[in-house]
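If you want the building blocks of each chain, they are given just below.
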Amino acid sequence: LMAEWDGIPAGFKAGYAKNDRMFYSWMGGVLPEFRGRGTASALAVAQEARLRPLAYKTIELKTRNCHRGMLIFALRSGFHITGFSERDTWEEHRIYLRKNLTR
């Protein structure tokens, strides 16, 4: 998915099926000048709207500890922390999240 503001690319969201019931939201981002306008939320809502009719039950994502904005966004969007993986530095620690799409 891609987001535009006045015809200018502003953000994107990409993912893939892990299996027939789970979708992995692999990567996404919004350019700094377009943040705070609801772009990320609109992309997430659009992604979930496309997944529900395809019978996906859950959506997963992973973020790094240094991306606190993404972690906060995911928690506010209804994701729950399901795991944690330590790396060499605290910034690189991985946080795994999942959201139920059936609600």
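Just above, that's the structure.
What you are looking at is a predicted structure, and each value in this text was computed from that prediction instead of being measured.

Participant: Mind showing me how you'd approach the pairing of strand 1 (residues 2-5) here?
Facilitator: Side chains on a regular strand alternate between the two faces of the sheet. Inspection of the sheet shows strand 1 paired to strand 2 (residues 8-17) by four bridges, in the antiparallel sense. Bridged to Ala3 within strand 2 is Gly11. Here strand 1 folds back onto strand 2, and the loop between the two strands holds two residues, one of which, Asp6, carries a positive phi near 50°.

Participant: Explanation requested: the sheet that holds strand 2 in the structure shown.
Facilitator: The sheet built from six strands is open, its strands ordered 1-2-3-4-6-5 with mixed pairing. Looking at which strands have only one partner, the edges of the open sheet turn out to be strand 1 and strand 5 (80-85). Each strand axis lies, on average, 25° off the axis of its neighbour in the sheet, ignoring direction. Relative to strand 3 (residues 22-30), strand 2 runs antiparallel, the two being bridged by seven bridges. The residue bridging Gly15 from the neighbouring strand is Ser25, located in strand 3. Contacts from helix 1 (residues 39-51) reach strand 1, strand 2, strand 3, strand 4 (58-64) and strand 6 (94-100), with the element oriented near 35° to strand 2.

Rules used throughout
Residues numbered from 1 in each chain as written. Predicted model: local features only at pLDDT ≥ 70, side-chain atom pairs only at ≥ 80, totals over all residues. Heavy atoms only, no water. Pairing = 2+ DSSP bridges. Helix = DSSP H or I, 4+ residues; strand = E, 2+ residues; numbered from the N terminus. Axes fitted to C-alpha atoms, helices over the stretch in contact; angles between N-to-C directions. Contact = heavy atoms within 4.5 Å.

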